[in-house]
Amino acid sequence: MAVEVKVIKKPGRTLAEQAYVPEIAKGLGFAMGRFFKNTFGPQAKKEIDTVKYPEEKVEYPERFRGIHRLTQRTDGSPRCVACLCCSTACPAQCIHIEPAEYEPDDPRYGYERYPSVFVIDELRCIFCGYCVEACPCDAIRMDTGMHMPPSTSRDHFIYDKETLLSIPGRDGTYLTANPRHEPGDDTHPGVDRDRGH
Amino acid sequence: MTTTFLVTSSLVKVLVILLITVGGFAPIIIWAERRQSAMIQDRLGPSRAAIVLPASAVTFIDRARLPMWRLAALTGIVAIVALVTLTFVAIKGSNPLPISTSSLTASLIAFGVASVVLRAGYAVHSMIVRNGGKIMLIGLLHPVADALKFIFKEDFVPPKGDKLLFSAGPIIALIPAIAAFAVIPFASSLHWDYLDQVLPRTGEIAGLVVPLQVASLNVGILFIFAIASTGIIGAAISGYASDNKFSLLGGIRAASQMVSYEVVLGLTLVPAFMVYASLRLEDMTMWQHDHVWGIFVPPLTLAAVTFLVAAIAETKRVPFDLPEGESELVGGYLTEYSGMKFGMFFMGEFVEVVSLAAIASVIFFGGWDVPFLYRDGFEFALPFVAGSYSVPLVHWLVVAIQFVAFLLKVIALIWFQLMIRWSLPRFRYDQLMSLCWKGMLPLSLLNILVVGALILSGWLDGWVAFFEKLF
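Scoring rules and cut-offs
- Numbering of residues begins from 1 in every chain and follows the order in which that chain's sequence is written.
- Here the convention is simple: chains get letters from A, ligands get numbers from 1, in the order in which they are written.
- Residues qualify for local features only when their pLDDT is at least 70, as the model is predicted, and side-chain atom pairs are given and counted only at 80 or more; totals for whole chains, interfaces and linings, by contrast, use all residues.
- Each helix is a run of DSSP H or I of at least 4 residues and each strand a run of E of at least 2, with the numbering of both proceeding from the N terminus.
- Once C-beta atoms are placed from the backbone, any two residues with those atoms within 7 Å are in contact.
- Atoms considered for the radius of gyration are the C-alpha atoms alone. The globule rule reads 2.2 Å times the number of residues to the power 0.38.
- Partly exposed residues are those falling between the two cut-offs: more than 12 but fewer than 20 other C-beta atoms within 10 Å of their own, whereas 20 or more means buried and 12 or fewer means exposed, with C-beta atoms placed from the backbone.
- Charged residues are taken to be Asp, Glu, Lys and Arg, nonpolar residues to be Ala, Val, Leu, Ile, Met, Phe, Trp, Tyr, Cys and Pro, and polar residues to be all remaining types, Gly included.
- Nonpolar core, as used here: buried Ala, Val, Leu, Ile, Met, Phe, Trp, Tyr and Cys residues forming one set through C-beta atoms within 7 Å.
- In this scheme, strands are said to pair when DSSP sees at least two bridges between them.
- Here the axes come from fitting lines to C-alpha atoms, over the contacting stretch only for helices, and the angles between their N-to-C directions go from 0 to 180 degrees.
- Here is the rule for angles: anything less than 35 degrees is roughly parallel, anything more than 145 is roughly antiparallel, 65 through 115 is roughly perpendicular, and the remaining ranges are oblique.
- Handedness of a crossing follows from how the near helix is turned relative to the far one, being left-handed for an anticlockwise turn of less than a right angle and right-handed for a clockwise one.
- As a per-residue measure, pLDDT reflects the predictor's confidence and takes values from 0 up to 100.
- Each helix should span, by expectation, one fewer than its residue count multiplied by 1.5 Å.
- In this analysis the local bend is the angle between axes fitted, respectively, to the seven residues ending at and the seven residues starting at the residue.

Undergrad: Help me out: how do you make sense of the overall build of chain B in this one?
TA: Summing up its helical and strand segments, chain B has 14 helices and seven strands in all. For chain B, the C-alpha atoms occupy an extent of roughly 85 × 70 × 50 Å along the three principal directions. If you take every contact in chain B between residues at least 6 apart in sequence, the share linking residues at least 24 apart comes to 81%.

Next comes the structure, spelled out in structure tokens:
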């Protein structure tokens, strides 16, 4: 069987390219066009990518994972039920939660717990977003659109529950779009103390 | 009296040249080169160096802004009212108002200028407030910051290097670049006694004449060649004295490259001497003023192109920056230099760019010559059409226009050189040498031959006469 050989012509240079001068003119023309467009051209046509950082800031993309926040219920308490899913999922082990029981006269008593201590060490955090994925209650979110405010002290990066609750989402709200059905509400999907089985 | 006057005027001229080159052009080119390259590459470039004002000053500026704007508006309205009244008076032909016409004109000028100045002040103050109290001046403070950094940096001398030669290198590289300006005429002669009069267009004028040129040497351009070849020593010495193989290689490369291109540089200008029949730069400008710019005489066009190429090679800048060749030689003969010594090399390079632009503009682009501007003012005339429109100008104004024209030509040529620097890739060393010895040297020799033939056959005079008729 004969082997078919496809002969590809070696790319050569034309006389104009070999003469160098027309190519110089072309290159100079290109660079000059670019220069004039970006220096004296109309604002809309400029293609300058530089951002003068402290004065101008780039909007982060919509799904940017910023610093965490703890979402609130309508009464201002954290939605977190202290299930420890996030701290378990966390590969950096930067979340520390101490769960606590509600008082016996609280309607939520016996259904869920709440975090008495919820601390995130933001310097350890690797911003992977696993905690957000793991949370069954939509209680921890990274939709703040903020990066860490710089500080000279490590203590300033240990965010406690109050701090995390006080950070709003990018849309300015402390709640989430997902409605929460409290035990005792008519919309509560599960079994509860009053309705029985 | 004349001696003191000549000495003083020479000193003033030297000072002006130093201010223009070292004080003005060199820092601005350093800024422009980086800024321009950035603009080509869709970046902003250096624009962050700032003088930070204290918060109290910012508050004051912020408070002063609004009154300033109001004052600008008020004075602007007054100026407009004055303008309208003046127009009314001009249309009517007489002035029935209680205010005299001259005071109206004076108030128009005064209030107009005040309005513009206040408006500009408002804009500047707004910009300062917007930037949070930082005065940035589109990055022009970067050369200042660089100079400060250079001065306060450690002045390192290689322990086994030659200390004297190491320190002499940058000086020898910088001084010739500035010295080349000595013979460059930056405007036509100044007739000191008739500054505020309109001079006759032709003829000798008695009285004190100040040539606007530091030294009127009859070797003129040869002086520039002599001075420029001194620069080789600076590069070679600093390469040798650095006690570093890369530096030595860079120095050798610089020396061989500059020696080679020196030959071409001289030969490319020989046609220009032949056409202008003089070595004096002021005579060359005068010839171009009387006849036509050198660039429009065909053989000199070729000479101009080859001269520019050879001169860029002579300044050792891209695409001929093999002596520095950072990919092969670290930094060439600059490797061991730091602080202000490096700054002097840097400065020397940029002053060379300026002097090259000045020489090219004098020899090929008419120097201080402005089309339609004569010693008695402008006279505009169309080719092949009878009649002309002339604007007589006083002598000092003519000289000022010529000076500005010369500066503009120099700026344009500098800009072109920077453009080349950012557009072309570096040559290989053998390409550099073959371009010189096999390409440009025969070409310039041939050009000399052609110019000689054209002059002898009278064709060149015919061309020049034709061109003169055109303008």
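Additional details are given in the paragraphs that follow.
Undergrad: What's the story with the overall build of chain A in this structure? I'm lost.
TA: Scanning chain A for helices and strands turns up five helices and five strands. Computed over the C-alpha atoms, the radius of gyration of chain A is 30 Å, more than 25% above the 16 Å expected from 2.2 N^0.38 for a compact globule of 197 residues. Scored against the burial criterion, the 197 residues of chain A give a buried share of 16%. Taking the intrachain contacts of chain A between residues at least 6 apart in sequence as the baseline, contacts between residues at least 24 apart amount to 67%.

Undergrad: Explain the interface of chain B and chain A to me, please; I cannot follow it from the model alone.
TA: Where interface size is quoted, it is often the accessible area lost as the parts come together. With twelve residues of chain B at the contact, the number on the chain A side is 14 residues. Sorting the residues of the side of chain B that touches chain A by element identifies helix H1 (2-40) and helix H12 (395-423) of chain B as the ones contributing at least two each. Ranked by the residues each element gives to the side of chain B that touches chain A, the list is headed by H12 of chain B, at four residues. Residues that form the side of chain B that touches chain A fall into these classes: seven nonpolar, three polar and two charged.

Undergrad: Explanation requested: the nonpolar core in the structure shown.
TA: Taken as a class, soluble globular proteins show a tendency for nonpolar side chains to be buried jointly. Within the largest apolar cluster, 101 residues are counted, with the highest numbers of intra-cluster contacts made by Ala-310, Phe-350, Val-354, Ala-357 and Ala-360 of chain B. Per-element tally for this core: the top contributor is helix H11 (residues 339-364) of chain B, with 16 residues. Cys-94, Phe-118, Cys-135 and Leu-165 of chain A belong to the second largest nonpolar core, which has 18 residues in total.

Undergrad: Explain the sheet that holds strand E7 (residues 389-392) of chain B here, please?
TA: By definition, the strands of a sheet pair up through backbone hydrogen bonds, in either a parallel or an antiparallel sense. Judged by pairing direction, the sheet is antiparallel, and its three strands sit side by side in the order E5-E6-E7 (chain B) without closing on themselves. In this open sheet, the two edge strands, each paired with only one partner strand, are strand E5 (373-374) and E7 of chain B.

Undergrad: Got a minute to help me understand the packing of helix H5 (residues 163-179) of chain B against H11 of chain B in this structure?
TA: Geometry of a packed helix pair, given as the angle between the helix axes and the separation of the axes. Residue and element names in this part refer to chain B. Where H5 meets H11, the closest approach of the two axes is 8 Å, and the angle between their N-to-C directions is 20 degrees. In terms of orientation, H5 lies roughly parallel with respect to H11. Where H5 crosses over H11, the two elements pack in a sense that is left-handed. Every residue of H11 that contacts H5 at Pro-170, Ile-171, Ala-173, Leu-174, Ala-177 and Ile-178 is listed here: Lys-341, Met-344, Phe-345, Met-347, Gly-348, Val-351, Glu-352 and Ser-355.

Undergrad: I'm lost on the sheet that holds strand E5 (residues 158-159) of chain A in this one. Help?
TA: Residues and elements named next belong to chain A. On the basis of which strands lie adjacent, the open sheet formed by three strands has the order E2-E3-E5 and antiparallel pairing. Only two strands of the sheet have a single neighbouring strand rather than two, namely strand E2 (95-101) and E5. By the bridge criterion, two bridges tie strand E3 (residues 113-121) to E5 in an arrangement that is antiparallel. Note on E5: the bridge partner recorded for Asp-121 is Ile-158.

Undergrad: Would you explain the confidence of the model for chain B in this entry?
TA: Detail in the predicted coordinates should be disregarded across regions flagged by low pLDDT. Residue and element names in this part refer to chain B. Counting all residues, the mean pLDDT for chain B is 84, and 99% of those residues have values of 70 or more. By mean pLDDT, E7 is the weakest element of chain B at 76, and helix H13 (residues 429-457) is the strongest at 89. Model confidence for the complex is summarised by a pTM of 0.75, with the ipTM given as 0.71.

Undergrad: So what exactly am I meant to see when it comes to helix H2 (residues 55-92) of chain B here?
TA: Note: α-helices contain 3.6 residues per turn, so residues at a spacing of three or four share the same orientation. All names here are of chain B. With 38 residues, H2 extends 55 Å between its outermost C-alpha atoms, agreeing within 8% with the 56 Å of an ideal straight helix rising 1.5 Å per residue. Of all the bends in H2, the greatest, near 30 degrees, is centred on Arg-65, and the proline Pro-67 appears no more than four residues after it. All of the buried residues in H2 are Met-68, Ala-72, Thr-75, Ala-79 and Ala-82. Of the surrounding secondary structure, the elements contacted by the buried residues of H2 are helix H3 (101-130). Directly after H2, the chain includes Gly-93, whose backbone phi takes a positive value near 90 degrees.

Undergrad: Please clarify how the environment of Phe-378 of chain B should be interpreted in this entry.
TA: Residue and element names in this part refer to chain B. By secondary structure assignment, the location of Phe-378 is in strand E6 (residues 377-380). Note: C-alpha distance between Phe-378 and Phe-350 (28 residues apart in sequence) is 34 Å. For Phe-378, the residues in contact, after removing those within four places along its chain, are Phe-372, Leu-373, Ser-390, Val-391 and Leu-393.

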